[in-house]
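Each chain, written out:
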Amino acid sequence: MRKIRMGMVGGGNGAFIGAVHRMAANIDNSIELVCGAFSSTAEKSILSGRALMLPEHRCYPDFQTMFEVEATLPAEQRIDFVVIVTPNHMHFPVAKAALEAGFHVLSDKPATLNLDEVKTLQKIVNNTGLLYGLTHTYTGYPMVKEAQTLVANGEIGKVRKVIVEYIQGWLSQPQDLDNKQADWRTDPARSGISGCMGDIGSHAANLVEYVTGKEITHVCAELTTFVEGRRLDDDGIVLLKMQDGIKGTLQASQIATGEENNLTIRVYGDKGGLEWHQQEPNSLILKYLDQPMQILRTGGLHSQRTAASTRTPMGHPEGYLEAFANIYVNFASAIEDHNAGTYRADKDYDFADIAEGVRGMALVESFVNSSNEDTKWYNLAQLLAD
């Protein structure tokens, strides 16, 4: 019994998401950060490592040096896995180098910059036999897991309709050039072919497939760039066709002025419906035709998976960090099994794997491709002119 040893690439001083990952990994006391290459600048990387109280010799100037040196350390010292918290364009080269050096990988989404890269990465993951995971945060919430369980058990009947919205307002104005988060997310070279849809629309799509257990098969999308001069979409609407005849809509926006992080999913079956809001994450609403609406609360009597993802009694809020932590603890469990020789590829460890990474990139590209075509739109002017 020992802690799983983690190395980090990216997430240095001033980086929001790196600190979130470190806090989440530490919550259950099963993972420890032992080294890192925290910046594309060697000096900043080493200073960031020092600020985190890491030993000087485990603060690396770049990820290539980190993997080279870590691979030579004794088994009882070297890292077990690497977490990648860089802008999107660095996800593939870092993951590729880590896997080829013999280390498992947990990455921020999306898996890579584009679909070609993620297909190549999938081959590398399969060839090495190592673990690869994505931090699709919102699947870590206990009430999302409860929603998944209720749908799978037929509580709301056969699913017919899904409505998912991820609405933010933080990019409603031209961004300040000093805003690091806005700067790379609106740059095609670092973010990829989509802005809003690649950043948060992909989370919404992943949430739909996770809760329903069904895949999106067809999309009809319109992406828009509202802020003048911006090079990527900052808003989008998508019609969805899914397996088993399910229909849905997906909306994502980062220019909805005044909104914070308003992710909502509604799923409707032929017996009932359910509703979950990320900004009120401890409640899951159930609706029926013939009985009063029910509100299930985190910490109540729920499924085994939900209970295992809950840390505090009812009335003690659990949120974003705990959801992240659930992904970390599940990934750590898979590593423990891998180290012990008991890992099973057919076991559901409950984190997004490389296959979901491929689907995520395919969905983003399908949104963009669909948006660039007008073949699904009927012009009312043709009728009004007669």
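Procedures and definitions
- Residues numbered from 1 in each chain as written.
- Predicted model: local features only at pLDDT ≥ 70, side-chain atom pairs only at ≥ 80, totals over all residues.
- Heavy atoms only, no water.
- Core = buried A, V, L, I, M, F, W, Y, C linked by side-chain atoms within 4.5 Å.
- Buried < 20%, exposed > 50% of the residue type's maximum accessible area, 1.4 Å probe, protein only.
- Helix = DSSP H or I, 4+ residues; strand = E, 2+ residues; numbered from the N terminus.
- Contact = heavy atoms within 4.5 Å.
- Pairing = 2+ DSSP bridges.
- Axes fitted to C-alpha atoms, helices over the stretch in contact; angles between N-to-C directions.
- 1 Å grid on protein atoms, 1.4 Å probe; cavity = no way out; pocket = protein on both sides within 12 Å on 5 of 7 lines; lining within 4 Å.
- Points joined across faces, edges and corners; volume = space filled by probe spheres on them.
- Nonpolar A, V, L, I, M, F, W, Y, C, P; charged D, E, K, R; others polar.

Q: Describe in detail the nonpolar core, supporting the description with residues and values.
A: Counting residues in each nonpolar core, the largest one holds 43 residues, and the members touching the most others are Val211, Leu250, Ile265, Trp276 and Phe367. It is helix H9 (residues 196–212) that provides the largest number of residues to this core, a total of 9 residues. Leave out the neighbours within four places in its chain, and tryptophan 276 touches Tyr141, Met143, Val144, Leu207, Leu263, Thr264, Ile265, Pro281, Ser283 and Leu284. If you look at the next biggest cluster of nonpolar residues, it comprises 31 residues, including Val34, Ile79, Ala98 and Val105.

Q: Outline the sheet that holds strand E3 (residues 81–85), supporting the account with residue identities and numerical values.
A: Sheet strands line up and pair through hydrogen bonds in the backbone, either parallel or antiparallel. Spatially, E2-E1-E3-E4-E5 is the arrangement adopted by the 5 strands of the open sheet, whose pairing is parallel. Two strands lie at the open edges of the sheet, namely strand E2 (31–37) and strand E5 (132–134), each paired on one side alone. Pairwise comparison of adjacent strand axes, ignoring direction, gives a mean angle of 25° for this sheet. Note that E3 and strand E4 (residues 104–107) share 4 bridges and pair parallel. Across the sheet, phenylalanine 81 pairs through a bridge with histidine 104, a residue of E4.

Q: Go over the layout of surface pockets, please, and point to the residues and values.
A: The volume enclosed by the second largest pocket comes to roughly 740 Å³. What lines the second largest pocket is a set of 34 residues, and nearest its centre among them are Phe351, Ala352, Asp353, Ala355 and Glu356. Of all the secondary-structure elements, those providing two or more residues to the lining of the second largest pocket are helix H5 (115–128), H9 and helix H12 (354–371). Tallying contributions element by element places H12 first for the lining of the second largest pocket, with 6 residues. Tallied by class, residues from the lining of the second largest pocket come to 14 nonpolar, 10 polar and 10 charged.

Q: Describe the pairing of strand E12 (residues 280–288), naming the residues involved and giving the relevant values.
A: Of all 9 residues that make up E12, 7 are buried, and the element is covered over most of its length. Bridging between strand E11 (residues 272–277) and E12 involves 6 bridges; their strand directions are antiparallel. Residue glutamate 275 lies in a different strand from E12, and its bridge partner there is isoleucine 285. Hairpin remark: E11 followed by E12, antiparallel, with 2 residues in the connecting loop. Where E12 lies against strand E13 (residues 294–297), 4 bridges are found, and the strand directions are antiparallel. The residue bridging leucine 284 from the neighbouring strand is leucine 296, located in E13. Adjacent in sequence and paired antiparallel, E12 and E13 are bridged by 5 residues.

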